[in-house]
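Remarks on the overall topology
Residues per chain are reported as follows:
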Amino acid sequence: LGHGARACITWINEVFRQLELCLREQSLVTKVETFNNFVLLYSTEPRQHVQQCLTLAVRVLQAVHQHTHRPDGSPTLLKLGVSSGPFTTGIIGLQSPRYSIFGDTVNMASRMASNSVACTALEPFVHISPSAHALLAKSGSDEWMEGLGRPMAISARGEEIEVKGKG
């Protein structure tokens, strides 16, 4: 980035701080772990978990856009992905144990994020898996979008995306 390691650390810390402030307001979504620039979250709400995660994603975009800028002054861009399905949890390690979640759903959410479009709150984009989309369609309600400060649309991306391990 050309602005020094300290400026980059300060910027990244502020991005994660904004995420964690949003998580405090969204009690049904929990941060499991952070590694590199990736954050793994899950929802404890069985019937509305996709809506909870999408609401959080948009709120994080809004907070990051309002409160952070890259060290060069340009906007912070985020890539977001959401999936739905079964997973398992466990504690890994002895010396530095950590709690994590595992399974195809976790892999799919990661693929959704990595294949997403980098965006800001001005043009939010969250890449959702077919399973997450099916649950949204099944719910038949857009009430969860109220209070986001802008209308949102769920639409096909318009291009075929090859997802690693999924064809």
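Numbering of residues begins from 1 in every chain and follows the order in which that chain's sequence is written. Predicted model: local features are reported for residues with pLDDT of at least 70 only, side-chain atom pairs are reported and counted for 80 or more only, and whole-chain, interface and lining totals are derived from all residues. Computation of side-chain values covers all heavy atoms of the structure but excludes hydrogens and water.

On a plain count of helices and strands, the protein comes out with 4 helices and 6 strands. By principal-axis analysis of the C-alpha atoms, the protein measures approximately 45 × 45 × 35 Å. Think of it in three bands: residues with accessible area under 20% of the maximum for their type are buried, residues over 50% are exposed, and the middle band is partly exposed, with areas taken using a 1.4 Å probe on protein chains only. Sorting the 167 residues of the protein into buried and exposed places 37% on the buried side. Any two residues having at least one pair of non-hydrogen atoms within 4.5 Å are treated as being in contact. Residue pairs in contact within the protein that sit at least 24 positions apart in sequence constitute 62% of those at least 6 positions apart. With residues, only the protein chains shown are counted as cover, and all accessible areas are computed by Shrake-Rupley using a 1.4 Å probe. As displayed, the protein has an accessible area near 10300 Å², and 52% of this comes from carbon and sulfur atoms. By definition, any uninterrupted DSSP run of H or I lasting at least four residues is a helix, any uninterrupted run of E lasting at least two residues is a strand, and each is numbered from the N terminus.

Turning our eyes to something else, we now look at the pattern of salt bridges. We count a salt bridge whenever a side-chain nitrogen from Lys or Arg sits within 4 Å of a carboxyl oxygen from Asp or Glu. Across all of its chains, the model carries 2 salt bridges by this definition. Its salt-bridge partner being Arg 17, residue Glu 14 comes within 3.0 Å of it at the nearest N-O pair. In this pair, Glu 14 and Arg 17 are both assigned in helix α1 (residues 5-25), 3 residues apart and thus about one turn of the helix distant. Given a relative accessible area of 40%, Arg 17 falls into the partly exposed group. The shortest N-O distance in the salt bridge between Glu 20 and Lys 31 comes to 2.4 Å.

Residue position: Thr 120 is located in the loop between α3 (104-114) and β6 (126-128). Of note is the side chain of Thr 120, whose polar atom sits 3.1 Å from the backbone nitrogen of Leu 122. With residues near it in sequence (within four places) discarded, Thr 120 still touches Leu 61, His 65, Pro 75, Thr 76 and Leu 77. We define a polar contact as two N or O atoms separated by no more than 3.5 Å, with the added condition that, inside protein, one atom must be a possible hydrogen donor and the other a possible acceptor, whereas residues neighbouring each other in sequence contribute only through side-chain atom pairs.

Remember that the coordinates give geometry; whether it matters functionally is a separate question.
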